[in-house]
Each structure stands twice: as structure tokens, then as C-alpha cells.
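Close look at the chain arrangement
So the chains spell out like this:
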Amino acid sequence: MRPLLLHLDHFGSFREPVTVDFSDTDYFALVGPTGAGKSTIIDAICFALYGTVPRWGRENVIAHALAPSVAAGKVALVFDSNGRRYGVVRAMVRDAKGAVRTKEARIDELDPAAPLARAYDAVVKPLAEGENVTPEAQRVTGLEYRFFTQCVVLPQGRFAEFLHAAPRERQDLLVQLLDADVYERIRQRAAREEETAKQAASFARDQLAKLSGATAEAERELAERLAALRRLAETIGADLDLLRARETDIRRAEQERSAVAEQQSVLSSLRMPAAVPTLAAARRAAAEAVEALTAEVATLEADDHEAYEALAALGDRGAPRAALAALDARERLAAQAARARAEAAAAAASLQGLATAREAAEQALATAEAQRERLRDAHAAAHLAPRLAVGEPCPVCRHPVAELPRHQPPADIRTADRALAGARDRAERARSACARAEASASMLAEQADRLESELATLPAPGDRAELEGRLAAIGKAEQIANEARKALRAARGKLDRTRSEAEQVERQAESAWRTLEAARDRLLVSGAQEDPPPPLVRGDLHRAWTELLGWRDRAAQAARAALAEREEQLSQATARLAADRHKLVERLAEHGVATPRDAAPDQLGAAVAGTVARADGALERLKEERKRAADLETQVAQKEHEAKVAHELALRLRANAFERWLCAEALAVLVASASETLRELSDGQYELALSDKTGDIEVIDHGEAGLRRSARTLSGGETFQAALALALALSGAVARGLDSIFLDEGFGTLDPATLDTVATTLERLAAGQERMIGVVTHVPALAERVPVRFEVRRDAKGSHVRKADNP
């Protein structure tokens with residue numbers, strides 16, 4: 001992971017937006033006074049990738065990202081990793097309760113060809129948002145958070161302690177640096193695996209106990225029973241055929257019995273209709289009634305014809321009715337004309353009084369208007385008088401004023417206005433009343449003239465008494481004709497009902513004959529061919545029914561005897577079937593075949609087949625259970641072995657010897673790798689090795705002919721070189737191919753010679769590998785040796801950063 005561009009906006013001590021460009025820098029120093037904000041830049045890189053910072057304590061704590069007075073902030077980082085370019089952004093806000101939370105978090109793959117200034121806009125594809133940003137950052141960088149804080153931001157002080165520590169202290173430090181507590185987790189996991197394997201073995205043993213009956217003896221017994229059942233199934237066919245023959249005999253006997261029973265039922269159901277004995281007398285009475293009513297209808301038809309001829313001779317009643325209506329209309333019109341003429345005269349008489357009242361109201365209006373004008377002039381004169389002066393021209397006549405006028409105070413003009421308004425209202429009402437009276441008188445006179453003209457055009461009136469006499473005679477003739485028509489209709493209705501009753505009697509007789517014929521036909525169909533019923537002769541219905549019923553009684557006696565015979569035959573056939581079925585059921589029971597009560601042959605065959613199938617299935621299940629038991633025995637042995645292995649592993653990891661062995665092996669690898677790095681950093685003068693006697697870390701000084709001495713004898717600069725070599729060795733073991741390293745180490749306590757050694761070591765480290773080296777320091781002597789400086793300062797507005805190149 002190599003950072004290219006870092007943007008901070010209200011993050012930590014940076015209260016204003018600032019951008020740090022690392023794109024053309026391989027070796028740089030973050031310089032400035034203590035507390036200026038140098039380490040905050042390293043913190044921002046870590047926060048952008050993982051959402052937290054080591055200095056803040058627990059992971060996922062972001063409260064320190066914003067200053068107490070800041071409401072929102074943002075960090076953005078553009079970096080390269082494994083040949084690809086990425087951009088990660090995190091924005092924070094402070095809610096109403098003062099808690100800091102993440103408002104936005106995203107990571108995108110960027111176009112590496114785009115200008116760096118516009119890199120955030122050149123998104124190739126989004127990779128993750130929200131809580132998924134940190135896992136995605138770990139994936140693209142290949143570094144988990146804890147490895148980033150150990151390998152990219154190197155823990156230099158811990159390795160100086162490690163270099164000088166006693167073997168036991170060094171073992172404890174090594175366990176922490178290498179995260180060796182993973183083996184304790186392995187031991188705990190082994191203990192859990194042991195318990196799981198024991199539980200699985202116990203469960204398998206329980207399942208195996210449930211299969212205790214799955215033995216070879218049980219399998220042999222089931223196989224023998226299955227073979228016997230199959231032989232039974234092969235030999236049972238003849239017995240089932242015998243039962244089917246017995247059932248056929250029973251069905252035939254039941255059919256014969258049913259036929260005889262049906263014949264007996266038909267004979268017993270034969271009944272003579274109740275109306276047959278009286279149908280002959282009813283037919284004669286109905287014929288006589290029809291004949292008498294026919295003669296009566298003929299007489300009434302003659303009376304009806306005579307009455308309607310008399311009515312026609314009197315003529316239509318429309319003419320006398322019309323003449324009476326015209327006479328009534330003439331009388332009403334004459335009355336309306338007289339009434340209209342009287343009303344017109346009264347209206348004309350009232351016009352004179354209304355005209356007089358109108359003239360008086362108009363005269364009063366003229367008087368009120370004149371009085372109002374005089375009062376208005378008086379008010380105008382009274383208003384003008386105070387402004388006149390003797391000798392000055394009068395504003396009315398333009399003559400000089402000789403003497404000032406004296407006026408009495410005029411009356412109130414509002415009283416005159418009210419009097420004038422009242423006079424105008426009374427005059428208007430008088431004019432309106434007179435105009436309405438004139439219009440009403442004219443309209444009434446025109447109405448009277450029109451009605452008198454209409455009356456004059458009407459024809460001469462007829463004699464009212466003569467017209468009313470003609471109408472009375474026509475009414476009497478209509479009454480006589482209606483009564484004759486009513487009597488005729490009643491007689492015709494009675495004749496129709498009598499005819500309908502006669503037809504019903506005929507239908508009853510015909511129905512009785514059809515019933516008789518149908519009964520005889522049923523008797524023939526039911527099997528009475530040996531002694532058929534007597535033939536039917538149309539004529540005397542009652543006699544024919546009597547002869548058929550007599551034959552019915554004789555045939556019923558013979559049918560009862562035949563039915564008893566068929567019942568005996570059926571009983572014998574049923575007994576034979578029961579005996580044969582009982583023998584077969586007992587044979588099946590000997591083989592364990594359960595059968596239903598009174599089972600049919602097919603049911604017995606199905607019971608045998610079902611028993612064979614169940615026995616076959618039981619045998620297959622037993623074979624499966626034996627196979628399952630064998631598998632469970634294998635599983636028990638396997639799980640017990642796994643439990644034993646897990647138990648042994650837990651015991652070995654619990655021993656202190658394992659931790660010592662692990663740390664010794666790791667220390668040997670770590671010292672060997674650090675020795676190669678130290679040889680390069682010291683220009684071939686120093687190497688590291690482990691003492692065979694004490695286990696301490698020793699230095700091989702090739703400047704002193706390969707002298708081995710304790711690391712405690714190293715100077716400050718030599719100690720820094722050795723500690724840095726150990727740190728790089730661990731980084732290489734944890735994360736291969738690191739593209740950047742940041743050293744946040746206090747260099748202020750080093751003397752000039754040691755500081756020179758440190759600077760030379762860093763220069764060799766930067767020149768010898770293709771990785772970015774960043775140093776956080778406030779020591780000017782060291783900063784001057786670094787080619788690029790990012791100067792960090794802090795004032796009342798927060799921290800600021802400026803890039804500067806050393807000459």
C-alpha cells in the first residue's frame with residue numbers, strides 16, 4: 001500500500017481543509033513542534049483505511065476524530081496497491097446528543113491514468129460502502145488493522161526493548177509481537193473439538209444401542225418367513241378360485257330370489273282406483289248438465305241481441321252531451337263578461353282620486369325643492385359674508401361692497417334635505433299608484449270587450465229539459481243491455497265449467513283404463529307367462545278390474561311358494577362359502593396373515609400380497625439397520641480417535657515447553673532475517689546472532705575481526721540500526737512487499753553522532769528498496785537530511801501543513 005494523496009477536512013487538529021500530496025515522494029519527514037499535528041497525518045491515513053486509530057484506544061472508537069467544537073469532518077485517501085489505484089472516503093458528523101458517528105464511508109477503484117487532482121471523480125467501479133469498507137480495505141491492501149499498525153507504522157520502541165531484554169522478558173515480548181496467543185486459541189479450540197467428538201461418539205453409541213436387534217439371526221428368520229409367504233402366495237390361487245365360484249352361486253341365487261320377490265311386489269301393489277265403481281253414473285250426469293245449460297245459453301243470447309238493438313235505435317249520447325256542454329259554457333262566459341265589465345267600471349271610478357293625490361304630491365315636491373334651494377343660498381351667503389370687506393369687489397356681482405351685510409343664522413339644511421327626500425318618495429309612490437290603476441282599468445276594459453265579443457259569436461242555445469230527457473232514456477237502455485250481457489256471460493261460464501267437469505270424468509275413465517293396461521303389462525313382464533292374466537275387453541271398466549284382481553290373488557299365492565324355495569337355496573350356498581372361507585383364513589393365520597372379517601377372495605389375495613411386501617420391507621430395513629450399525633461402530637471408533645487426538649493436542653499446547661520452543665524457533669528466524677538487514681544497513685559491519693549459552697542476542701562485529709558481543713554494548717545509533725532491522729524482519733514475516741513504512745519515533749534524545757548514524761541508516765533504507773519511507777520528527781538535524789519535508793504548524797485556527805524540499 002503506497003499513499004498518493006491525503007485530504008483532511010476538520011479532522012483532529014486540522015480545522016481547515018488541507019491536502020497532502022505524496023505522489024512524487026519516496027523519502028520524507030513530517031516536521032514541526034511537539035503537538036503541531038504531525039502524527040495526526042499518520043492517524044488520518046490509518047483512519048481512512050480502517051476507521052480507527054491506535055492512539056485512540058479501542059478499535060471502532062471515532063469520538064476523537066472531531067474536535068469538541070466541530071460538527072462534521074472528512075478524510076479521503078488515494079493510494080496504490082498491487083498495481084491498482086483506489087480511493088477511500090470517510091465522513092463524520094456530530095448528532096444532537098454530541099456523539100460522533102460515521103455519515104458516509106466508501107471505497108472505489110479509480111482510473112490510474114486520470115490526473116491525480118481529479119482522481120476521486122475517475123471511479124472505475126464502486127467496491128464497498130458503510131461497514132463493508134474496512135473489510136474491503138483489508139482485502140485490497142492485504143493487511144489487517146493490527147498488522148498495519150505493526151508493519152506500516154513500525155513500533156520501534158518495542159523492538160529496542162526486545163533487543164536488550166532478558167530471555168524471559170524477550171519471550172513475553174515476542175509472544176505479543178508475533179500474536180502467539182493464537183496457539184492458546186488453538187488449544188481452546190482443541191478442547192472444544194474434544195468435547196464435540198466425545199458427544200458425537202456418545203450419540204453414535206446411543207444410536208447403536210437402539211439397533212441391538214439388527215442381528216444375523218434376525219435376518220435369517222425374516223428371510224425364512226418371507227420364503228414361506230411367497231410359497232403360500234403361489235399355492236393359494238386354487239382356494240381363491242373356489243371361493244369366487246361359491247360367490248357366483250350366491251349371486252345367481254340372489255338374482256333368482258330378487259326376481260321372485262319383484263314379481264310378488266308387483267302383485268301386491270296392484271290396486272283398483274277408488275273412482276272406478278262410480279265413473280259410469282258420473283259420466284251420465286255430466287252429459288245431462290251440459291245439454292240443459294246449452295239451451296239456457298241460447299235463450300239468453302236472444303235477449304242480449306234484442307236489448308242492444310233497442311239501445312242502437314236511441315242513437316249516440318255524444319250529441320246531447322255536447323249541446324249541454326255548449327249551453328254551460330255560454331252561461332259561464334256571460335257571467336265572466338258581466339263581472340269583467342263591473343270591475344272595469346270600478347277601476348275607472350278610482351282613477352280620479354289617484355290623479356288628484358298625484359297632483360298634490362308633485363306640488364308638495366316642488367315646494368320642498370324651492371325651500372331647499374333658498375336655504376342653500378342662505379347658507380352660501382352666510383359662509384361668504386365673513387370674507388367680504390368694504391370697498392372690495394363682491395365675488396357674486398363684482399361691484400364694490402359699500403356696507404357689510406348682516407344675516408341671521410340659517411336653519412339646518414339637513415332638515416330640508418330630509419323633507420325633500422320624503423316629498424320625492426311620496427310623489428314617486430303617487431305616480432306609481434296612478435300608473436298601476438290606469439293599466440289595471442285599461443286591462444279590465446279590454447277583457448270585458450273580449451268576453452262580450454266571444455259571447456256574441458256563440459250559436460243560439462238549445463232546450464235543456466229536452467237534452468236531459470234524451471240522455472236519461474239512453475242511460476236506461478244501456479242498463480238493460482248490460483244486465484242481459486251479464487246474465488249471458490254467467491250462463492256461458494257455467495256451461496264451460498260443466499263441460500270441463502264432463503271432460504275430467506272422461507279423462508278419469510281413460511286413465512283408469514291405462515292404469516289397468518299398464519298393470520297387466522307389468523304382470524306379464526314380471527314372469528307370469530305360465531298363467532298369464534286375462535285379456536282386456538273395452539267396455540265395462542269395473543268388470544275388467546274385478547277379473548284382473550281375481551287373477552292377482554291366485555298368482556300371489558304361487559309367488560310366495562317360489563320365494564320360500566329360493567330363500568332355502570341361497571342359505572345353502574352362503575353356508576358353503578362360509579365354510580370354505582373359514583378353512584382358508586385358518587391356513588393364512590398359521591402364516592401370520594391378518595384378514596378382514598368376511599373378506600372377499602380378492603381381499604384375501606391382497607392380504608397375502610401385503611404381508612409378503614411387508615415382510616420383504618422388514619427384511620430390507622433390517623439389512624439397512626445392520627449396515628447402519630456397522631457405520632455407527634466405525635463412527636464411534638473415529639470420533640473416539642478424534643477426541644483422543646484433540647485431547648493430546650490440548651495437553652501439549654497447555655505445556656510451557658511448547659511456548660518456549662515456539663518462541664525459540666521464531667526468534668531464530670527473526671534474528672537471521674534481521675541479521676541480513678543489519679548487514680546492509682551497517683555497510684557489512686554488523687550481524688546478529690543468538691548466544692548458544694545464554695540465549696541473548698549478540699552482535700558480530702566484522703570491524704573487530706568477527707568479535708561477538710552483547711547487544712547491550714551497542715551505541716545509540718547502532719541500537720537504532722539493530723532495532724530497525726528487527727522491526728523490518730517482523731514486517732517482512734507478516735506482510736510481504738510493503739510499499740511504505742512510517743517511523744513515528746522520538747529522536748530528540750539522541751546525541752549528534754547517534755543521530756548521524758540514524759540518518760545514514762534511513763538514507764540507506766530509502767535508497768536500497770522501492771518503498772516509501774516517512775519519518776515523524778521535530779529534530780531539525782534529522783529533518784535537514786531528508787530530501788522532502790512536510791512542515792506542520794499549529795495556531796489558533798488549528799494545524800496547517802506545507803511541503804518543502806531540502807536544498
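Residues numbered from 1 in each chain as written. Predicted model: local features only at pLDDT ≥ 70, side-chain atom pairs only at ≥ 80, totals over all residues. Heavy atoms only, no water.

**Concerning the overall build of the protein**
How we decide: Numbering of helices and strands runs from the N terminus, with a helix taken as a DSSP run of H or I at least four residues long and a strand as a DSSP run of E at least two residues long. Our radius of gyration looks at C-alpha atoms and nothing else; its globule reference is 2.2 Å times the residue count to the power 0.38. Only protein chains enter the accessibility calculation, which uses a 1.4 Å probe; a residue whose area is less than 20% of its type maximum is buried, one above 50% is exposed, and one in between is partly exposed. Methods summary: accessible areas were calculated by the Shrake-Rupley approach with a probe of 1.4 Å, and residue burial reflects only the protein chains presented. By the counting scheme adopted, Arg and Lys are positive, Glu and Asp are negative, and His together with the chain ends is not counted. Every charge is mapped to an atom, namely NZ of Lys, CZ of Arg, CG of Asp or CD of Glu.
The helix and strand inventory of the protein stands at 18 helices and 14 strands. The C-alpha radius of gyration computed for the protein amounts to 69 Å, which surpasses the reference 28 Å derived for 807 residues by more than 25%, pointing to a less compact arrangement than a globule. The principal-axis extent of the C-alpha atoms belonging to the protein is close to 175 × 175 × 45 Å. Evaluated residue by residue, the protein yields a buried proportion of 37% over its 807 residues. Roughly 46,100 Å² of accessible area belongs to the protein as shown, and the carbon and sulfur atoms make up 52% of that amount. For the protein, the separation between the mean place of its 112 positive charges and that of its 125 negative charges on side chains is 3 Å.

**Some thoughts on the pattern of salt bridges**
Two side chains that carry opposite charge are able to pair once their charged atoms sit near each other. Convention followed: For salt bridges, the criterion is a side-chain nitrogen of Lys or Arg within 4 Å of an Asp or Glu carboxyl oxygen.
By the definition in use, this model includes 36 salt bridges. A single salt-bridge network, built from bridges that share partners, covers Glu104, Arg106 and Asp108.

**Some remarks on helix H10 (residues 318–384)**
What counts is decided by this rule: Given the number of residues in a helix, its expected span is that number minus one, multiplied by 1.5 Å. A residue's bend is simply the angle between two axes: one fitted to the seven residues ending at it, one to the seven starting at it.
The end-to-end C-alpha separation of H10 is 94 Å, in line with the 99 Å expected for 67 residues at 1.5 Å each. Its maximal kink placed at Leu351, H10 deviates by approximately 25°.

**Re the sheet that holds strand S6 (residues 100–110)**
Just so we agree on the cut-off: Between any two strands, pairing holds if DSSP finds at least two bridges. Lines are fitted to the C-alpha atoms to define the axes, a helix being fitted only along its stretch in contact, and any angle between axes, read from their N-to-C directions, falls within 0 to 180 degrees. Contact definition: two residues touch when any of their heavy atoms are within 4.5 Å.
Reading across from one edge, S2-S1-S4-S5-S6-S7 is the order of the 6 strands in this open sheet, with antiparallel pairing throughout. Every interior strand has two partners, whereas the edge strands, strand S2 (18–21) and strand S7 (123–129), have only one. With direction set aside, neighbouring strand axes in the sheet form an average angle of 15°. In terms of strand pairing, strand S5 (residues 84–94) meets S6 through 10 bridges, oriented antiparallel. Following the sheet pairing, Arg90 is matched in S6 by Ala105. Along the sheet, helix H2 (residues 133–141) contacts strand S4 (72–81), S5, S6 and S7; its crossing angle with S6, the most-contacted strand, is approximately 35°.

**Brief notes about the side chain of Thr25**
Basically, it comes down to this: Polar contact is the term for a pair of N or O atoms within 3.5 Å; when the atoms are in protein, one must be able to donate a hydrogen and the other to accept it, and sequence-neighboring residues count only if both atoms are side-chain atoms.
Residue placement: Thr25 occurs in the loop between S2 and strand S3 (27–31). Separated by 3.4 Å, the side chains of Thr25 and Asp24 make a polar contact.

**Digging into helix H1 (residues 38–50)**
Taking 1.5 Å per residue, 13 residues should reach 18 Å; H1 reaches 19 Å between its end C-alpha atoms and fits that length. Burial within H1 is extensive, with 13 of its 13 residues counted as buried. Taken from the residues just after H1, Gly51 is the one with a positive phi, measuring 75°.

**Examining the pairing of S5**
With respect to burial, S5 is a largely interior element, 9 of its 11 residues being buried. One ladder, built from 10 bridges, connects S4 with S5; its direction is antiparallel. Each bridged residue has a counterpart across the sheet, and for Ala76 the counterpart in S5 is Val89. Counting the residues in the hairpin turn of S4 and S5 gives 2 residues, including Asn82, whose phi is positive at 55°. The hairpin turn running from S5 into S6, its antiparallel successor, is 5 residues long, and Gly98 in that turn takes a positive phi close to 90°.

**Focus: the sheet that holds strand S9 (residues 697–701)**
Strand pairing in a sheet relies on backbone hydrogen bonds. The paired strands run either parallel or antiparallel. With antiparallel pairing, 3 strands are arranged side by side in an open sheet as S8-S9-S10. What marks the edges here is a single partner per strand, and that holds for strand S8 (686–690) and strand S10 (707–710). Taken over all neighbouring pairs, the strand axes of this sheet differ in orientation by 35° on average, direction set aside. Looking at chain direction, S9 and S10 are connected through 4 bridges and run antiparallel. Among the inter-strand pairings, Asp701 is bridged to a residue of S10, identified as Leu707.

**Some words on the nonpolar core**
Selection rule: Only buried residues count toward a nonpolar core, which is a set of Ala, Val, Leu, Ile, Met, Phe, Trp, Tyr and Cys residues joined through side-chain atoms within 4.5 Å.
Formed by 50 residues in total, the largest nonpolar core has its most connected members in Leu6, Phe11, Phe22, Ile45, Phe47, Leu49 and Phe79. Ranked by residue count, the leading element in this core is H1, at 9 residues. Not counting the four nearest positions on each side in its chain, Phe11 is found in contact with Thr40, Asp43, Ala44, Phe47, Trp56, Ala65, Lys74, Val75 and Met92.

**A look at the pairing of S4**
Among the 10 residues of S4, 7 are classified as buried, and the element is accordingly described as predominantly covered. Pairing analysis gives 7 bridges linking strand S1 (residues 2–9) to S4, with the strands arranged antiparallel. Along S4, the bridge assignment pairs Leu6 with Leu77.

**Some details on the packing of aromatic side chains**
Put simply, the test is: Each pair of aromatic rings taken from Phe, Tyr and Trp, with Trp reduced to its six-membered ring, is defined by centres within 6.5 Å and is described as stacked if the planes are under 30 degrees apart, edge-to-face if over 60, and tilted in the remaining cases.
A full pass over the atoms with the stated rule returns 6 aromatic pairs. Ring geometry for Phe11 and Phe47: centres 5.4 Å apart, planes at 40°, overall tilted. Residue Phe11 is found in the loop between S1 and S2, and its partner Phe47 is found in helix H1; the two are separated by 36 residues along the sequence. When its relative accessible area of 1% is taken as the criterion, Phe11 is described as buried. Among the aromatic residues, ring-to-ring pairing joins Phe22, Phe28, Phe742 and Phe790 into one connected group.

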